[in-house]
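# Examining the three-dimensional arrangement
This is what each chain is made of:
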Amino acid sequence: TYLTFRFFLITMTFVALFILAYLFPGLLSIVTILFFVAVGLVLADLILLFKQEGILASRVLPEKLSNGDDNPIEISLENNYNFATNLQLIDEMPFQYQKRDFEINTQLKKHDQKKITYTLRPLERGEYYFGSLNIYATSPIGLVTRRFQFAKDAMVPNYPSFLQLRKYMLLAFSNKLFEYGLKKIR
């Protein structure tokens, strides 16, 4: 469970209102009622997010990565909540990328599914270890965030550019290499 920026903004507002209520005692009863309404909203948000297993996700990785080429990584999402939810996806990429700020923000309607695809371009051979797929879900109230973790610890080998190799093999098979300035040498 994580608290959102909206929660802290409301908390700061109540601090200011209680300070004003100290200076003007007539406001104290109104501010107290509003405070208990806000506490009720936080509890309602917690119940909405933790009442059921709301988000299902999976990461689909290729069997192997092609060095120097764009390789698609697909994430499948499913919302089982009875409300639309805002999602923040943080995929723990292999350490070779040194990318720590990768995130995707999206929204899913109730009982909806979505596929998100992004590409990775590996530049060195070896084994690429993916970490967890972290998804942070927020309800329409937006005071609390729930974290889901999926697809922990997957490894994908990275080979020399087999996608480019296939392309040139097709060109050689069709005998059109001369159009690209290439000639056959024994």
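A brief look at the structure comes next. Fair warning: this is a prediction, and the values are worked out from it, not measured in the lab.

Cut-off values and rules
Throughout this description, residue numbers start from 1 for each chain and increase along the sequence as written. The predicted nature of this model means local features are confined to residues of pLDDT at least 70 and side-chain atom pairs, given and counted, to a pLDDT of 80 or more, with totals for whole chains, interfaces and linings taken over all residues. Each side-chain value is worked out from all heavy atoms of the structure, with water and hydrogens disregarded. For salt bridges, the criterion is a side-chain nitrogen of Lys or Arg within 4 Å of an Asp or Glu carboxyl oxygen. A helix here means a DSSP run of H or I that spans at least four residues, while a strand means a run of E at least two residues long, and both kinds are numbered starting from the N terminus. For the exposure calls, accessible area comes from a 1.4 Å probe over protein chains only, and a residue counts as buried if that area is under 20% of its type's maximum, exposed if over 50%, partly exposed in between. Following DSSP output, two strands are said to pair if at least two bridges run between them. Multiplying 1.5 Å by the residue count of a helix minus one yields the expected span of that helix. The directions from the helix axis to the C-beta atoms form the arc being described. Among buried residues, those of type Ala, Val, Leu, Ile, Met, Phe, Trp, Tyr and Cys that are joined through side-chain atoms within 4.5 Å constitute a nonpolar core. The contact criterion used is simple: two residues touch if any of their non-hydrogen atoms lie within 4.5 Å. Helix axes are fitted to C-alpha atoms over the stretch in contact, other axes to C-alpha atoms as well, and angles between N-to-C directions run from 0 to 180 degrees.

In total, this model carries 4 salt bridges according to the counting rule given. Here Arg 146 makes a salt bridge to Glu 53, at a shortest N to O gap of 3.6 Å. Of this pair, Arg 146 sits in strand S10 (residues 144–150) while Glu 53 sits in the loop between helix H2 (28–50) and strand S2 (55–60), and the two are 93 residues apart along the sequence. Arg 146 sits in the buried class, given a relative accessible area of 12%. For Glu 53, a relative accessible area of 45% puts it in the partly exposed group. Between Lys 115 and Glu 74 there is a salt bridge; the shortest N-O distance is 3.7 Å. Pair noted here: Lys 115 is in strand S7 (residues 113–120) and Glu 74 is in strand S4 (residues 71–79), with a separation of 41 residues, a long-range link.

As summarised here, the arrangement of the 3 strands in space is S3-S11-S8, forming an open sheet in which the pairing is mixed. The open sheet has two free edges, formed respectively by strand S3 (65–66) and strand S8 (126–130), since each of these has just one partner strand. Note that S8 and strand S11 (residues 154–159) share 5 bridges and pair antiparallel. Opposite Tyr 128, over in S11, you have Val 156 as the bridge partner.

Time to look at helix H1 (residues 5–23). Between its first and last C-alpha, H1 extends 28 Å over 19 residues, near the 27 Å set by a 1.5 Å rise per residue. Buried within H1 we find Phe 7, Phe 14 and Ala 21. Taken around the axis of H1, the buried residues stretch over an arc of 40°, which confines them to a single face. Opposite the buried face of H1, at more than 90 degrees from it, the exposed residues are Phe 5, Met 12, Ile 19 and Leu 23.

The next thing to look at is the nonpolar core. Membership of the largest hydrophobic core comes to 30 residues, with the highest contact counts inside it found for Ile 55, Leu 77, Leu 87, Leu 89, Tyr 118, Ile 135 and Phe 148. Among residues more than four places away in sequence, those in contact with Ile 135 are Ile 55, Ala 57, Leu 77, Leu 87, Gln 88, Leu 89, Arg 146, Arg 147, Phe 148 and Phe 150.

Right, let's get into the sheet that holds S10. Strand order across the open sheet formed by 5 strands is S1-S10-S9-S5-S6, with antiparallel pairing between neighbours. The outermost strands of the open sheet, each flanked by one partner alone, are strand S1 (2–3) and strand S6 (104–108). Bridging between S1 and S10 involves 2 bridges; their strand directions are antiparallel. Bridge assignment links Tyr 2 to a residue of S10, and that residue is Thr 145. Where H2 meets the sheet, its contacts fall on strand S9 (133–138) and S10, and the angle it forms with S10 comes to roughly 20°.

Honestly, it's all geometry; don't read function into it.
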